[in-house]
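# Overview (structure and organization)
Listed here are the chains, written in short residue letters.
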Amino acid sequence: DNVRVRSGPAEGYREMCELSRDDLVEIVETSADKQWLRIVAPEDGDVWVHAQYVNVEGERGVLTGDRVRVRVRPDVNAEQVNRLDKGAVVKIKGREGDWLKISPPEGSVAWISATYVNRMTDEEVALLRQKKADEERQKAESARLEHETAMVAEADRRFAAELERPVERRSLSNLLQTYESAQQQVKDAALRDHVAVQLVLVRA
């Protein structure tokens, strides 16, 4: 975890971003000493380009000059990781003075220590991607269930509060709406049963 991606094959080079365990990287080449791997720069990385060469359109920018240098920090003396020509499109992430922070464009140089990288077959990569996709779905499902549980708990609270009112002041419509609103949004079967509303007419 927290493995630094740099602009060159040594610890002295500027950090571009950090990667975590099980993040996938595409290896382009290996350094002569076998200690560093050049990889396709991750989209989460931060690089910079001078604003005078970019026509900003919301969260995207279009290059207006040729051979524009892309650097690892907003400084004309910072390491260069790419060059862009007129018409190239970049994703804008922020601004600092006369510089724009962008996502690394295609072809940007990035290096990572070989110590923290395991080479994988296509089949292993596919399995890891499936694992990560399953984990993301499970995380989303847990978040949805937590939200729905909180929604039902709030409906229970409002229902109980309405029952605490004197009988002559209770509102049947309020009692019903408390659960009907939740029922329309809840997807979990058990929670839907909990908020299901039935009217029973009792004749004296």
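In what follows, the structure referred to is the one given above.
A brief look at the structure comes next. Quantities reported herein were computed from a predicted structural model and do not represent experimental measurements.

## Things to note about the nonpolar core
For soluble globular proteins, the rule of thumb is that nonpolar side chains tend to be buried together. Judged by nonpolar contacts, the single largest core of 29 residues is most densely connected at Val5, Met16, Ile102 and Ile112. By size, the runner-up hydrophobic cluster in this structure holds eight residues, among which are Ala155, Tyr179, Ala182 and Val195.

## Observations regarding the layout of surface pockets
For the largest pocket, the calculated volume is near 1,000 Å³. Around the largest pocket, the lining comprises 34 residues; the ones closest to its centre are Asp23, Leu24, Val25, Glu26 and Val117. Looking at the lining of the largest pocket, the element that brings in the most residues is helix α1 (residues 122-163), giving four residues. For the lining of the largest pocket, the residue count by class is 18 nonpolar, five polar and 11 charged.

## Brief notes about unusual backbone geometry
The phi angle at Asn2 is positive, at roughly 55 degrees, despite the residue not being glycine. With phi around 55 degrees, Arg67 is a residue other than glycine that occupies positive phi space. Here Arg67 lies in the loop between β7 (60-63) and β8 (68-71).

## Here we look at the pattern of salt bridges
Tallying each qualifying case throughout the model produces 14 salt bridges. Its salt-bridge partner being Glu141, residue Arg144 comes within 2.2 Å of it at the nearest N-O pair. Of the two residues, Arg144 and Glu141 both sit in helix α1, three residues apart, roughly one turn of that helix. With relative accessibility at 41%, the residue Glu141 sits in the partly exposed group. For Glu162, the salt bridge is made with Arg165, and the minimal N-O distance between the two is 3.3 Å. Several salt bridges converge on common partners, so that one network encompasses Glu141, Arg144 and Glu148.

## Here we look at the pairing of strand β4 (residues 36-39)
Summarising the sheet, strand β3 (residues 27-30) and β4 pair through three bridges and their orientation is antiparallel. Paired with Thr30 across the strands is Leu37, a residue of β4. Linking two consecutive strands that pair antiparallel, namely β3 and β4, is a turn of five residues; a positive phi of about 65 degrees is found at Lys34 within it. When β4 meets strand β12 (residues 111-113), the two strands line up antiparallel, connected through three bridges. Of the residues in β12, the one forming a bridge with Leu37 is Ile112.

## Brief notes about α1
Taking 1.5 Å per residue as the helical rise, α1 with its 42 residues ought to reach 62 Å, and the 61 Å between its terminal C-alpha atoms agrees with that figure. Along α1, the residues that are buried comprise Val125, Leu128, Glu148, Met151, Val152, Ala155 and Glu162. In the core, the buried residues of α1 are packed alongside α2 (172-185) and α3 (189-194).

## A look at the side chain of Glu162
Note that Glu162 resides in helix α1. Once residues within four sequence positions are removed from consideration, Glu162 is found in contact with Arg169, Arg170, Ser171, Asn174 and Leu175.

What counts and how
Residues numbered from 1 in each chain as written. Predicted model: local features only at pLDDT ≥ 70, side-chain atom pairs only at ≥ 80, totals over all residues. Heavy atoms only, no water. Core = buried A, V, L, I, M, F, W, Y, C linked by side-chain atoms within 4.5 Å. Buried < 20%, exposed > 50% of the residue type's maximum accessible area, 1.4 Å probe, protein only. 1 Å grid on protein atoms, 1.4 Å probe; cavity = no way out; pocket = protein on both sides within 12 Å on 5 of 7 lines; lining within 4 Å. Points joined across faces, edges and corners; volume = space filled by probe spheres on them. Helix = DSSP H or I, 4+ residues; strand = E, 2+ residues; numbered from the N terminus. Nonpolar A, V, L, I, M, F, W, Y, C, P; charged D, E, K, R; others polar. Salt bridge = Lys/Arg side-chain N within 4 Å of Asp/Glu carboxyl O. Pairing = 2+ DSSP bridges. Expected span 1.5 Å × (residues − 1). Contact = heavy atoms within 4.5 Å.

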